[in-house]
Each structure stands twice: as C-alpha cells, then as structure tokens.
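Topology and contacts: notes
Here are the chains, one letter per residue:
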Amino acid sequence: MDSLSGGRLGYVHIRSMADGSYRDVYADILGKYNLCDGIVIDTRHNGGGRLHEDIEILFSGEKYLEQVIQGTVVCDMPSRRYNKHSIMLVAEDNYSNAHGTPWVYKHQGIGSIVGMPVPGTMTSVNWETLQDPTMYFGIPVIGYRTRDGHYLENSQLEPDFLVRNKPEEAVQGRDEQLEVAVRELLRQIDADKDRW
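Here's what I pulled together on the structure shown here. What you see is a predicted model, and the numbers here were worked out from it, not measured in a lab.

**Focus on helix H4 (residues 97-107)**
- Counting buried positions over the 11 residues of H4 gives eight, a clear majority of the element.
- Buried residues of H4: Asn97, Ala98, His99, Gly100, Thr101, Pro102, Val104 and Tyr105, and no others.
- Contacts made by the buried residues of H4 are with strand S2 (38-42), helix H3 (52-58), strand S5 (85-90) and strand S6 (112-115).
- Just downstream of H4, glycine 109 is the residue with a positive phi angle, here 70 degrees.

See below:
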C-alpha cells in the first residue's frame, strides 16, 4: 500500500463479518492509519457474519471539528468514526454479509466498490446440528428486503469499477483490483475541493 499510494493510504482487510475482524479494522483506521488521507477496505474472500450496520456507522463519519494544540491538528471530530475517503474491494466469492456489507456501503453512498460482481447471497441463517455436534449447517430464514420490495438474495452486486485479477498475474504478486482501488481513491481525494 505504501508503494502504490506513496504512503497516503491505509489498508484494512475485513476477514470475516465478526467481532474480532471489526476490532482490528477499528483499531487500524483510527490508530496506525489515522493520519492517512484515506483507506482501502478489503472484503474479498469473506464468508459473512453480521457487520453491515457496524461498517456503515464506522465509515460514515463527517468531520465537524479539529482538536488543535499550538497550531498542530491532533485529532478530528468525530474521533470514533472514520471521516475521510474510503473505497471497498469485493470479490466473486464474497458470501452472505460479505454481499450485504458492500451493498449497504454502496447504497448509503459511503464510497465506491472495486472488484468483481458479488452474488446475491445476503440472508441470515439459523445454525443447526445433528446427532454429531461437530456437523452443523445454516438454514436461511431471514431475507433482507429493500423499500421497493426487492430482496438482496439473488440480487447481484455490481461494482463501480469492474476489475478481474488475472491468475497468472496474481501468482506473481500483482493485485490489479488493489491497484485500481488505490488510483481511484487518490483521484477522488485529490478532486474533493471541499475537503478540510
């Protein structure tokens, strides 16, 4: 990320839509990446959970104050929500809430989406076991319906920037989706004349 963005952007990966991953993201964006101009949020290869509301709230901050000590800005307000530009990476193997979270991020206008289309798999499940408690499975029982009556399930999420990583380049260490996300986020940051 440092080499692609010249040190201007931070990077977080939401490994799963669960508490531990959320805590890592929260600590990183408000800690070690706090002074960066923006953040790349990677949700690729995520099997789901339930974080869509938490991610929406966390990344929807709008700066309204600065704390200043002798002319040096030491903290932005809000200080517990991210209030800079962000962009989200998605992949075709995102599942369940890893479909719902990018959908909410895009629907709420928080930022752009980069990657491959995400199948419409947003549901909530009841987890059940059989006689063998090591075997468990989820039964989808809750659908998520939009105001106009459409369910997120079976509604594919199309990214704003369609980018397919080529396997022959990926094995060489190139991540074209990340490259596009960095270029686009820097472009958006530099074009935002109202930013302070």
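**Regarding the side chain of glutamine 188**
- Turning to its location among the elements, glutamine 188 is positioned in helix H6 (residues 176-191).
- Ignoring any residue separated from it by four or fewer positions in sequence, one finds glutamine 188 in contact with His85 and Ser112.

**Re the environment of glutamine 177**
- Residue placement: glutamine 177 occurs in helix H6.
- Judged by its relative accessible area of 4%, glutamine 177 falls in the buried class.
- Glutamine 177 sits 87 residues away from valine 90 along the chain, and the two C-alpha atoms are 8.9 Å apart.
- At 2.8 Å, the side chain of glutamine 177 forms a polar contact with the backbone oxygen of valine 163.

**Regarding the nonpolar core**
- Of all hydrophobic cores here, the largest spans 23 residues; its most connected members are Ile29, Ile39, Ile41 and Phe59.
- Where this core is concerned, the elements lending two or more residues are helix H2 (19-30), S2, H3, S5 and H4.
- When residues in this core are grouped by element, the largest group, three residues, is from H2.
- Every residue in contact with phenylalanine 59, bar those within four places of it in the chain, is listed here: Val25, Ile29, Ile39, Ile41, Tyr82, Ser86 and Ile110.
- One finds Leu9, Val40, Ile87 and Leu178 within the second-largest nonpolar core, a separate group that totals 13 residues.

**Quick word on the environment of valine 163**
- Within the element layout of this structure, valine 163 appears in the loop between strand S9 (161-162) and helix H5 (167-170).
- Each C-alpha atom of the pair valine 163 and asparagine 126 lies 34 Å from the other, and the pair is 37 residues apart in sequence.

Rules and cut-offs
Residues numbered from 1 in each chain as written. Predicted model: local features only at pLDDT ≥ 70, side-chain atom pairs only at ≥ 80, totals over all residues. Heavy atoms only, no water. Buried < 20%, exposed > 50% of the residue type's maximum accessible area, 1.4 Å probe, protein only. Helix = DSSP H or I, 4+ residues; strand = E, 2+ residues; numbered from the N terminus. Contact = heavy atoms within 4.5 Å. Polar contact = N/O pair within 3.5 Å; in protein donor to acceptor, adjacent residues only side chain to side chain. Core = buried A, V, L, I, M, F, W, Y, C linked by side-chain atoms within 4.5 Å.

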